[in-house]
Amino acid sequence: MSFTANIACQQFNIPGAGETIQAVPKLSDVFSPPHHGPRNIPISVQLLEECEYSYVHFPIVRTGQYAIYLDTPGVFDGLIYGGTNQNTGTGTEIPTGQISVGDCRSFAEGFVSTGEIIFTSDDPQPIAIRLRNQRNAGKKIQYIVSLLQE
């Protein structure tokens, strides 16, 4: 198991650790505090009903690859840069691929940005997580995001 997956698994299993945040149905509404999940701690969020996606976000403060590990399969649908893309008006997709969860029984699956996510400012930069509601609408899931370190 990678160093990152191992540490994330340990963090995920600390009793009482973590935060609960709220999801929103529109990317444009996600970049505010109730939808903010810090890195390196377990985050719980209830997926929305009656819409296709739930959005939450996490901050980055340095350039690198970021991994997300989830307790529910088939929910993760992508990472998106904050801000407005002049071509789409909705943000810029960040390419991701699957990553091994090793022998961590808490994780159903993991994903990682395939390239570095570039930190471009002096303030924490928000990155949106798009979660698919299909088959899991209304369900509470957990995830953790970490900077990838092999």
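One can find the structure itself at the top, above this paragraph.
J.: What am I meant to see in the side chain of H57 here?
T.: Structurally, H57 is set in strand β3 (residues 53-60). Separated by 2.9 Å, the side chain of H57 and the backbone oxygen of V30 make a polar contact. For H57, the residues in contact, after removing those within four places along its chain, are V30, F31, S32, H35, H36, G37, P126, I127, A128 and I129.

J.: Is there a simple way to explain the side chain of R130 in this structure?
T.: Mapped onto the elements of the fold, R130 is located in strand β9 (residues 125-132). You can call R130 buried: its relative accessible area is 11%. Within the local environment of R130, its side chain forms a polar contact with the side chain of D77, the two groups lying 2.7 Å apart. One polar contact links R130 to E93, side chain to side chain, over a distance of 2.8 Å.

J.: Would you take a moment to explain the packing of aromatic side chains for this structure?
T.: The relative placement of two aromatic rings is captured by the distance of their centres and the angle of their planes. Within this structure, the stated rule accounts for 5 aromatic pairs. Judged by centre distance (4.6 Å) and plane angle (25°), the rings of F76 and F111 are stacked. Here the residue F76 occupies a position in strand β5 (residues 76-81), and F111 occupies one in strand β8 (residues 109-113), the gap between them amounting to 35 residues. Overall, F76 belongs to the buried group, its relative accessible area being 6%. Here a set of aromatic residues connected by ring pairs shows up, and it is made of F12, Y69 and F107. A cation sits over an aromatic face here: R130 above Y53, 5.4 Å from the ring centre.

J.: Please explain the nonpolar core as it appears in this structure.
T.: Taken as a class, soluble globular proteins show a tendency for nonpolar side chains to be buried jointly. By size, the foremost hydrophobic cluster in this structure holds 24 residues, and its most contacted members are I129, L131 and Y143. Listed by contribution, the elements that provide at least two residues to this core are β2 (43-46), β3, β4 (66-70), β5, β9 and β10 (140-147). Here the element with the most residues in this core is β10; it accounts for 4 residues. Counting 13 residues, the second-largest nonpolar core is a separate cluster that includes A8, I99, V112 and I144.

J.: Which parts of the structure should I look at to understand the pairing of β3?
T.: Remember that side chains alternate between the two faces of the sheet whenever the strand is regular. Among the 8 residues that make up β3, 7 are buried, leaving the element largely enclosed by the rest of the structure. Pairing of β3 with β9 involves 8 bridges; the strand directions are antiparallel. Looking across to β9, one finds that P59 is bridged to P126.

J.: What should I look at first to understand the state of the cysteines in this one?
T.: In a disulfide, the sulfur atoms of two cysteines are held together by a covalent bond. This model, assessed by the stated rule, comprises 1 disulfide. The residue that forms a disulfide with C9 is C104, at a sulfur-sulfur distance of 2.1 Å. Here the S-S torsion is close to 85°, and the disulfide linking C9 with C104 is therefore right-handed. Remark: C104 occurs in the loop between β7 (96-99) and β8 and C9 occurs in helix α1 (residues 3-12); sequence separation between them is 95 residues. Look at C9 and you get buried, because its relative accessible area is 14%. Residue C104 is classed as buried on the basis of its relative accessible area of 4%.

Rules and cut-offs
Residues numbered from 1 in each chain as written. Predicted model: local features only at pLDDT ≥ 70, side-chain atom pairs only at ≥ 80, totals over all residues. Heavy atoms only, no water. Helix = DSSP H or I, 4+ residues; strand = E, 2+ residues; numbered from the N terminus. Polar contact = N/O pair within 3.5 Å; in protein donor to acceptor, adjacent residues only side chain to side chain. Contact = heavy atoms within 4.5 Å. Buried < 20%, exposed > 50% of the residue type's maximum accessible area, 1.4 Å probe, protein only. Phe/Tyr/Trp six-rings, centres within 6.5 Å; stacked < 30°, edge-to-face > 60°. Lys NZ or Arg CZ within 6 Å of the ring centre and 35° of its normal. Core = buried A, V, L, I, M, F, W, Y, C linked by side-chain atoms within 4.5 Å. Pairing = 2+ DSSP bridges. Disulfide = S-S within 2.5 Å.

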